[in-house]
Amino acid sequence: MSRYFTEDHEWIDVDGDTGTVGISDYAQSQLGDIVFVEVPDAGRSLSKGDEAAVVESVKAASDVYSPVSGTVLEGNPALTDEPALVNSDPEGEGWFFKITLSDASELDALMDETAYAAFVAKL
């Protein structure tokens, strides 16, 4: 499985033609305590860069963008009852949605973990 990051602090784990998307630990630390998450519905078609989900914290509301184009397989149902999973495990159980990739070449424009760590270090 490969993990990629966007400049908007989303991550995507890719396994075959399926991606699992969430926000980075850096992003959740900037947001503060997460109080609400709205995930996309299964079957929704997304293009790379589309607003896919919403995350609200005690500080602000932010959009979560799709790092790739494809069709949503499922939203994370656990976030409805426990949005704080995004704080406690942002790059694991706090994932937002799973998507079938329609164009794997879009991954080429994303950063790997090393490049993302260097990007965050400059912020």
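Predicted model, so just to flag it, every value in this text is computed and none were measured. (Residues numbered from 1 in each chain as written. Predicted model: local features only at pLDDT ≥ 70, side-chain atom pairs only at ≥ 80, totals over all residues. Heavy atoms only, no water.)

Participant: Summarise the environment of Gly70; cite the residues concerned and give the values.
Facilitator: Positionally, Gly70 belongs in strand β8 (residues 70-75). Given the relative accessible area of 6%, Gly70 is considered buried. When the C-alpha positions of Gly70 and Phe96 are compared, they lie 15 Å apart, and in sequence the two are 26 residues distant. The contacts of Gly70, once residues within four sequence positions are left out, are Arg44, Ser45, Leu46, Ile99, Thr100 and Ser102. (Helix = DSSP H or I, 4+ residues; strand = E, 2+ residues; numbered from the N terminus. Buried < 20%, exposed > 50% of the residue type's maximum accessible area, 1.4 Å probe, protein only. Contact = heavy atoms within 4.5 Å.)

Participant: Just give me the short version of the pattern of salt bridges, but keep the residues and values in it.
Facilitator: All chains considered together, the criterion is met by 2 salt bridges. Here Asp13 and Arg3 are joined by a salt bridge, their closest N and O atoms 2.6 Å apart. Here Asp13, found in strand β2 (residues 10-15), pairs with Arg3, found in strand β1 (residues 2-5); they are 10 residues apart in sequence, far enough to count as distant. Between Glu91 and Arg3 there is a salt bridge, with the nearest N and O atoms lying 2.9 Å from each other. In this pair, Glu91 sits in the loop between α3 (85-88) and β9 (97-101) while Arg3 sits in strand β1, placing the two residues 88 residues apart along the sequence. A relative accessible area of 27% means that Glu91 is categorised as partly exposed. (Salt bridge = Lys/Arg side-chain N within 4 Å of Asp/Glu carboxyl O.)

Participant: Break down the sheet that holds strand β7 (residues 61-65) for me, citing the residues and quoting the values.
Facilitator: In spatial order, the strands read β4-β6-β7; together these 3 strands make up an open sheet with antiparallel pairing. Sheet topology places β4 (34-38) and β7 at the edges, where each strand pairs with a single neighbour. In this sheet, neighbouring strand axes are inclined to one another by 25 degrees on average, regardless of whether the strands run parallel or antiparallel. By the bridge criterion, 5 bridges tie strand β6 (residues 51-57) to β7 in an arrangement that is antiparallel. Bridging across to β7, Glu51 finds its partner in Tyr65. (Pairing = 2+ DSSP bridges. Axes fitted to C-alpha atoms, helices over the stretch in contact; angles between N-to-C directions.)

Participant: Lay out the packing of aromatic side chains with the relevant residues and their values.
Facilitator: On inspection of all chains with the given rule, the structure shows 2 aromatic pairs. Both rings, one in Phe5 and one in Tyr116, keep their centres 4.2 Å apart while their planes meet at 10 degrees; by these two values the pair is stacked. Here Phe5, found in strand β1, pairs with Tyr116, found in helix α4 (residues 113-121); they are 111 residues apart in sequence, far enough to count as distant. Ring geometry for Tyr116 against Phe119: centres 6.2 Å apart, planes inclined by 35 degrees, an arrangement best described as tilted. (Phe/Tyr/Trp six-rings, centres within 6.5 Å; stacked < 30°, edge-to-face > 60°.)

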